[in-house]
Amino acid sequence: MTSAPKPPATHAPGQLKAVCLDVDDTLLDGQRASRQGLRELVGTDRAWPVWERTTDDFYARFVSGELDFDTMCVQRTKAFFAAFGERIDDTEATRRESIRMAAMQRAWSLFDDARPCLDWMRDSGLRLAVITNAPSTYQRKKIAAVGLADAFDVLVISGEVGVAKPDPQIFEAACEALGLPPGEVAHVGDRLDTDALGAARAGLHGIWLNRDHRAPATTEVPTIASLHELPELLVGDLPAVPAVPELIP
C-alpha cells in the first residue's frame, strides 16, 4: 500500500489552502455501481458500452437544463432499449429504471484510495469541498450513503447553484463559499475537460485523476493515476495555473 507523505504543519499565505473534488468516478466508484445496476436490469453488463454512450448523451442534456433528472432517467432507459429494437412506454421505462436505480444505490462504494486521501488532507489543515454535476437530493443522499456526509466544509452541487462544470461560475461559487481566492484552491476530478481544465480556466489548480490511464490530450494540468498520488503532488510545489483557452461554444 502506498504511504502518504507526512502532512505539512501549516499552510503559509499564498499556498494551497483547500482542495475541491468531484464525486462520481473520483471518490465513488460510480462505474462499478452503474454496471451492477445494468446487470440487475438485463442480467449482464455486456451492453455497457451502449449504456455508457446513452448515459453520456442524456446526462449532457440534464446538465444543460434541457431535461430534469427524473425525465432524463426515463428517456435514457427508453433509448437504451430502443437501441436493441425494444420500444417501451414511459410507465415501463420508469418501472425498469427503478429496478436499476435500486441495485446501483446498493452498490455505491468509495474507491479504496478515497478515505485515506481525504483523511490526509484534513489532517494537513486543508479545507475540503465537493464540486459535482448532479441533482441536489440525489447527490446528497449518495454522499451520505458512502459515509462522507461530514467530510466536507462545502458542497457545491450544480442542481443547487444553477450552473454546472465546466462553467467557471461553479468553481467560483466553491471558492466564494470557502472564502478563498481561486489561486489557493485545487480541484481534482476524473474528467479532463469538465474537471481539470474547467477548474484551470476558472483560475484554480486543476488536477486530472486519470484512473484509466487514458492517453492525455494535454499536458497543461498535473495528472495523477490514483488519489494515493495526490498528497505527494500537494506537498510539492504545484505548477502555476496555466493559461487554458476558453471553451468554444
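Higher on the page you've got the structure.
Residues numbered from 1 in each chain as written. Predicted model: local features only at pLDDT ≥ 70, side-chain atom pairs only at ≥ 80, totals over all residues. Heavy atoms only, no water.

Inspection of the secondary structure puts D29 in the loop between strand 1 (18-21) and helix 1 (30-42). Reaching out from D29, the side chain makes a polar contact with the backbone nitrogen of R32 at a distance of 3.2 Å. Those residues in contact with D29 that sit more than four places away from it in its chain are S109 and F111. (Helix = DSSP H or I, 4+ residues; strand = E, 2+ residues; numbered from the N terminus. Polar contact = N/O pair within 3.5 Å; in protein donor to acceptor, adjacent residues only side chain to side chain. Contact = heavy atoms within 4.5 Å.)

Turning our eyes to something else, we now look at the side chain of S124. Along the polypeptide, S124 turns up in the loop between helix 5 (114-123) and strand 2 (127-132). Its relative accessible area of 3% is what places S124 among the buried residues. Polar contacts involving the side chain of S124 include one to the main-chain carbonyl oxygen of M121, which spans 2.7 Å. (Buried < 20%, exposed > 50% of the residue type's maximum accessible area, 1.4 Å probe, protein only.)

Attention shifts here to the sheet that holds strand 1. Spatially, 3-2-1-4-5-6 is the arrangement adopted by the six strands of the open sheet, whose pairing is parallel. Every other strand in the sheet has two partners, leaving strand 3 (154-157) and strand 6 (223-224) as the edge strands with one partner each. Bridge count for strand 1 against strand 4 (residues 185-189) is four bridges, and the pairing is parallel. Within the sheet, the bridge partner assigned to C20 lies in strand 4 and is H187. Against the sheet, helix 5 contacts strand 1 and strand 2, and its axis sits at roughly 135° relative to strand 2. Strands strand 4 and strand 5 (205-209) of the sheet are contacted by helix 9 (residues 192-201), whose axis makes an angle of about 160° with strand 5. (Pairing = 2+ DSSP bridges. Axes fitted to C-alpha atoms, helices over the stretch in contact; angles between N-to-C directions.)

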